[in-house]
Amino acid sequence: MTDKYVQHRFKSAVRNHKMTIEQDDGVFRCINFSAPDTSIYQFRLTTWPGHLAISGDLDDFIFTRLRDMFDFFRFAGPDYTRTDYPNYDYWAEKTQAVSKHGALTSFCENLYVKAIRRDMSQHVSGMALSDARECVIDARIDDLFYPPHDTREAISRAQDWRCPITGNHPFGEFWDHRLEDYSFGFKFACHAVQWGIKQYDLQRQGRDQVAHDKLVLAGEL
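If you're wondering where the values come from, they're calculated on a predicted model, not measured in any experiment. (Residues numbered from 1 in each chain as written. Predicted model: local features only at pLDDT ≥ 70, side-chain atom pairs only at ≥ 80, totals over all residues. Heavy atoms only, no water.)

**Brief notes about the pattern of salt bridges**
We apply this condition: Just to be clear on terms, a salt bridge is a Lys or Arg side-chain nitrogen sitting within 4 Å of an Asp or Glu carboxyl oxygen. Each helix corresponds to a stretch of at least 4 residues labelled H or I by DSSP, and each strand to a stretch of at least 2 residues labelled E; elements are numbered beginning at the N terminus.
Counting across every chain of the model gives seven salt bridges. Notably, a salt bridge pairs Glu22 with Arg44, separated by 2.9 Å at the nearest N-O pair. Of this pair, Glu22 sits in strand E1 (residues 18-25) while Arg44 sits in strand E3 (residues 43-48); the two residues are 22 residues apart in sequence, bridging distant segments of the chain. Ionic pairing is found between Glu153 and Arg157, a salt bridge with its closest N-O pair at 2.9 Å. A residue pair is termed a helical-turn pair when its members lie 3 or 4 positions apart in one helix, as Glu153 and Arg157 do in helix H6 (residues 151-160) at four residues. Each of the salt bridges in this network shares a partner with another, and the network as a whole consists of Asp71, Arg74 and Asp201.

**Section: the sheet that holds E3**
Our working definition: Should DSSP find at least two bridges between two strands, the strands are regarded as paired. The axes are straight lines fitted to the C-alpha atoms, using for helices just the contacting stretch, and the angles between their N-to-C directions are given from 0 to 180°.
Taking strand neighbours across the sheet as the criterion, the six strands line up as E1-E2-E3-E4-E5-E6 in an open arrangement whose pairing is antiparallel. Every interior strand has two partners, whereas the edge strands, E1 and strand E6 (95-98), have only one. Taken pair by pair, the neighbouring strands of this sheet meet at an average axis angle of 15 degrees, ignoring direction. Of the pairings in the sheet, the one linking strand E4 (residues 51-56) to strand E5 (residues 61-64) comprises four bridges and is antiparallel in character. From the neighbouring strand, Leu52 faces E5, where its bridge partner is Phe63.

**Some thoughts on helix H5 (residues 129-141)**
Selection criterion: The length a helix should cover is 1.5 Å for every residue beyond the first.
In this model H5 runs 18 Å from its N-terminal to its C-terminal C-alpha over 13 residues, within 8% of the 18 Å that 1.5 Å per residue would give. Remark: Asp143 follows H5 within two positions and exhibits a positive phi of approximately 60 degrees.

**Re the packing of aromatic side chains**
Stated precisely, the cut-off is as follows: When two rings of Phe, Tyr or Trp (its six-membered ring) have centres within 6.5 Å they constitute a pair, described as stacked for plane angles under 30 degrees, edge-to-face for angles over 60, and tilted for the intermediate range. Per-residue accessibility, obtained with a 1.4 Å probe over protein chains only, is compared with the maximum for each type, and a residue is labelled buried under 20%, exposed over 50%, and partly exposed between these values.
For the structure shown, the criterion picks out 22 aromatic pairs. An angle of 45 degrees between the planes, with centres 5.4 Å apart, marks the rings of Phe72 and Tyr90 as tilted. Here Phe72 is found in helix H2 (residues 69-73), whereas its partner Tyr90 is found in helix H3 (residues 88-93), with 18 residues between them in sequence. On the basis of relative accessible area, Phe72 is assigned to the buried category, the value being 11%. In this structure Tyr90 comes out as partly exposed when scored by relative accessible area, which is 31%.

**As for the packing of helix H4 (residues 109-124) against H5**
Cut-off, in case you're wondering: Relative orientations are named as follows: roughly parallel for angles under 35 degrees, roughly antiparallel for angles over 145 degrees, roughly perpendicular for angles from 65 to 115 degrees, and oblique for any other angle. Rotating anticlockwise by less than a right angle from the far helix to the near helix defines a left-handed crossing, while the corresponding clockwise rotation defines a right-handed one. By definition in these notes, contact holds between two residues if any of their heavy atoms fall within 4.5 Å. When residues are grouped by polarity, Ala, Val, Leu, Ile, Met, Phe, Trp, Tyr, Cys and Pro land in nonpolar, Asp, Glu, Lys and Arg in charged, and all others, Gly among them, in polar.
Across the interface, H4 lies against H5 with an axial gap of 10 Å and an inter-helix angle of 150 degrees. By the criterion of interaxial angle, the relationship of H4 to H5 is roughly antiparallel. Like other packed secondary-structure pairs, H4 and H5 cross with a definite hand, here right-handed. Counting all contacts with H4, which are made through Met120, His123 and Val124, the residues of H5 involved are Ala132, Cys135, Val136 and Ala139. When grouped by side-chain class, the residues that make up the contact of H4 with H5 number six nonpolar, one polar and no charged.

**Thoughts on the nonpolar core**
Generally speaking, soluble globular proteins have nonpolar side chains that are buried together. Heads up, the rule is: Residue types Ala, Val, Leu, Ile, Met, Phe, Trp, Tyr and Cys, when buried and joined through side-chain atoms within 4.5 Å, form a set referred to as a nonpolar core.
Within the largest apolar cluster, 29 residues are counted, with the highest numbers of intra-cluster contacts made by Phe43, Leu45, Leu52, Ile54, Phe63, Phe73 and Phe186. The set of elements that each furnish at least two residues to this core consists of helix H1 (3-13), strand E2 (28-34), E3, E4, E5, H2, H3 and helix H7 (184-204). Among the elements that line this core, the one with the most residues is H7, at nine residues. Not counting the four nearest positions on each side in its chain, Phe63 is found in contact with Gly50, His51, Leu52, Ile54, Met69, Phe73, Trp91, Lys94, Thr95, Gln96, Phe186 and Val193. Of all hydrophobic cores here, the second largest spans 21 residues; its members include Val113, Met127, Ala139 and Phe145.

**Details of the packing of H1 against H7**
Where H1 meets H7, the axes come as close as 10 Å, and the angle between the chain directions of the two elements is 55 degrees. Relative to H7, the element H1 is oriented oblique. The crossing of H1 and H7 is right-handed. Residues Asp3, Tyr5, Val6, Gln7, Arg9, Phe10 and Ala13 of H1 touch H7, and the partners they reach there are Phe184, Lys187, Phe188, His191, Ala192 and Trp195.

**Quick look at unusual backbone geometry**
The phi dihedral of Asp37 is positive, around 65 degrees, even though this residue is not glycine. As for its placement among the helices and strands, Asp37 is situated in the loop between E2 and E3. Within the chain, Tyr41 stands out as a residue other than glycine whose phi angle is a positive 60 degrees. When you line up the elements, Tyr41 lands in the loop between E2 and E3.

Okay, here's the thing in structure tokens:
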């Protein structure tokens, strides 16, 4: 799942969102973002010393690092030029809690397909062309190149496959591959956190998103 896809989904989800500041007392904040007359994709940012929580109609996460966690997520500073993109790797390290219905990472079909194709290529590299073709055909019949539903099934499918030429199980260490990426829920929440802080900062600067975008397009930021 590309970040461009997540970013597109997020922008579509919040296009009608409005910000309501429920509390704003130093590092103690409670800010709600929602569209009128609906709770779909509504979310709330809550901060207290050393912590930021995002909750609502999405996966919930708590991050901890600096006393003021808004500063932690301000990648490009309060002016927010073109460089405000989530830093998933670093932010994941600072994730202290995940909701019981969410997940920090999830099985990635693309990573599985790349891994199994790479391993197969290495496995047949020294074979005669006819033998290599037989291996690939057998693997396709066994759906080896078709993404399974989760990480456990992916590892089991790869390890259980028997090569029709050698009679062996060539992918016995498939578990060693990285088959998970940051989940859609985590990426979506990261975009929400950064976007929410941006709206808060723009309001404090006397600007809104439209005015900010005009300055960016004019090259004044």
